[in-house]
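Examination of the molecular architecture
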Amino acid sequence: MTATVPTSTSAAGTTDDRLDEVFAPIFARIAEGAVAREDDRRLAHDEVSWLREAKFGALRVPVELGGYGASVRQVFRLLVDLATAESNLPQALRVHWSFVEDQLTALPDPEAERWLRKVAEGTLVGNAITEPGVGAIDRYQTRLTRDSDSDDAWRLDGTKYYSTGSLYSHHILVAADQDGERVSVLVDADAQGVIQHDDWDGFGQRLTASGTTEFSGVQVSADRILGPGYGVSGRTYATSYLQLVQLSVLAGIAQRATEDVSEWVRERKRTFTHSTADLPRHDPLVQQVIGRLTAAAYSARTIVLEIADRLDRLAETGWQDEKLLDEVEFDVARAQATVIPLVLDATTQLFEVGGASITSERLRLDRHWRNARVISVHNPLIFKLQAIGDHVLNGTELPYAWSAGQK
């Protein structure tokens, strides 16, 4: 599948209409196979290749470097649309976006420019951050150690869980310990010593390629050690950005649930003896459920795009405005407390529009709740609400790049 992409050397970004012209047909094609992929548990390699060919991963790459020059808002608008078609894919590409932002921030560094050009050619970056057991609350168990007397030779060893998107990617951004410091290491996905497993066993978001990755004696050159790794203390744009990707997934799930259930109701003839209309689509109670669904989808999308606008303003500062960093982090945390229960409630209530037939596995309407439930626990809401309350009452700093593991 091919798509027409920008060829202008202008630094100006691409318009919304132009982006829709390129990606709307691809999203529609991806949506067509969503239920079949769910049934077969078939990873979306073909679908990712369609996105790669259309330079979806290069949305934020400047036009003069081969990308679209899109704003942060445009990226998140398209992520909601992609999540509407297939909720697994925005999550699978989540860390790719922060990798691109890091390179944009580093410009005009030649190495950053080189990576951005590679992204414009179709390169995708996955991640391997989270670890089993002890995890990274103290330090990463995945270690980067000297492999010889050379300053340019390192060895990477360790095991990671939840390596989201890495099976779809050319490179894996690995969080590791280097002599007691947290660092980011960029490893080729097909490098010797890298073993990837599609063993994610969650009941939702099954096709995010969030399995285990093992690193055994992987050779790493010094230029692939990119600096401080995830979990370094201090302010960072990355947590708000990455959390907003998850909220965009929820917004897309709500929209797809609305579309799927509305289509089902329009065609349905069966009703109950004590219903208030002959056809379900004319029943005020059924209409109320659909109204709740579309309101949830609209509200979630609106919140995501409003925060994306703030991220655009933060990007203009080079992600350096501390006051704005705190404000955006606070807003994303509060947004989770609104969007998560809103979408979970809507994807539960959707079943009220029909009888037992709406639970048919042929429809797979349960996937909307399952996917929403799983994406929602990635940033545990109970801890986030406590942090928000402590911040409001006591001025306590918000947790930025928090880690999970045994204390």
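How each quantity is defined
- Residues numbered from 1 in each chain as written.
- Predicted model: local features only at pLDDT ≥ 70, side-chain atom pairs only at ≥ 80, totals over all residues.
- Heavy atoms only, no water.
- Helix = DSSP H or I, 4+ residues; strand = E, 2+ residues; numbered from the N terminus.
- Rg over C-alpha atoms; globule rule 2.2 N^0.38 Å.
- Buried < 20%, exposed > 50% of the residue type's maximum accessible area, 1.4 Å probe, protein only.
- Contact = heavy atoms within 4.5 Å.
- Lys, Arg positive; Asp, Glu negative; His and termini not counted.
- Charge placed at Lys NZ, Arg CZ, Asp CG, Glu CD.
- pLDDT = per-residue confidence, 0-100.
- Axes fitted to C-alpha atoms, helices over the stretch in contact; angles between N-to-C directions.
- Parallel < 35°, antiparallel > 145°, perpendicular 65-115°, else oblique.
- Left-handed = near helix turned anticlockwise from the far one by under 90°.
- Nonpolar A, V, L, I, M, F, W, Y, C, P; charged D, E, K, R; others polar.
- Salt bridge = Lys/Arg side-chain N within 4 Å of Asp/Glu carboxyl O.
- Phe/Tyr/Trp six-rings, centres within 6.5 Å; stacked < 30°, edge-to-face > 60°.
- Lys NZ or Arg CZ within 6 Å of the ring centre and 35° of its normal.
- Polar contact = N/O pair within 3.5 Å; in protein donor to acceptor, adjacent residues only side chain to side chain.

Moving on to the overall build of the chain. Counting secondary structure elements, the chain contains 12 helices and 8 strands. On C-alpha atoms alone, the chain measures out to a radius of gyration of 22 Å, which is about the 22 Å that the 2.2 N^0.38 rule sets for 407 residues. Its C-alpha atoms give the chain principal-axis dimensions of roughly 80 × 50 × 40 Å. Looking at the chain as a whole, 53% of its 407 residues qualify as buried. Sequence-distant contacts in the chain: of pairs separated by 6 or more residues, those separated by 24 or more amount to 75%. For the chain, the separation between the mean place of its 42 positive charges and that of its 59 negative charges on side chains is 5 Å.

Per-chain confidence: the chain averages 93 in pLDDT, with 96% of residues scoring 70 or above. Contacts for the low-pLDDT stretch residues 4-11, under 50 throughout, to residues beyond four places or in other chains number 15 contacts.

With that out of the way, let us pick up the packing of helix α6 (residues 94-106) against helix α7 (residues 110-120). The interhelical angle for the contact between α6 and α7, taken along N-to-C directions, is 140°, at an axis separation of 8 Å. Classified by the angle between their axes, α6 and α7 sit oblique to one another. The way α6 lies across α7 gives a crossing that is left-handed. Touching His96, Phe99, Val100, Gln103, Leu104 and Ala106 of α6 are Ala112, Trp115, Leu116 and Val119, all from α7. For the contact of α6 with α7, the per-class residue count stands at 8 nonpolar, 2 polar and no charged.

Here we come to the pattern of salt bridges. Applying the stated criterion across every chain, the model contains 30 salt bridges. Residue Asp81 is joined to Arg301 by a salt bridge in which the shortest nitrogen-to-oxygen separation is 3.1 Å. Of this pair, Asp81 sits in helix α4 (residues 72-85) while Arg301 is found in helix α9 (residues 284-316), placing the two residues 220 residues apart along the sequence. Within this structure, Asp16, Asp20, Arg77, Asp81 and Arg301 form a network of salt bridges that share partners.

Applying the stated criterion across every chain, the model contains 13 aromatic pairs. With centroids separated by 5.8 Å and ring planes inclined at 90°, the aromatic side chains of Tyr237 and Tyr241 adopt a geometry described as edge-to-face. Considered together, Tyr237 and Tyr241 belong to a single accessibility category, that of buried residues. Grouped by ring-pair contacts, the aromatic residues Phe23, Phe27, Phe56, Tyr68 and Trp97 constitute a single cluster. Above the ring of Trp115, the side-chain terminus of Arg114 is found at 4.9 Å from the ring centroid. Between the NZ or CZ atom of Arg182 and the centre of the ring of Tyr140, over which it lies, the distance is 4.9 Å.

So, on to the environment of Lys55. Following the sequence through the fold, Lys55 ends up in the loop between α3 (45-53) and α4. The sequence separation of Lys55 and Lys269 amounts to 214 residues, and the corresponding C-alpha distance is 44 Å. A distance of 3.0 Å separates a polar side-chain atom of Lys55 from the backbone oxygen of Gly66.

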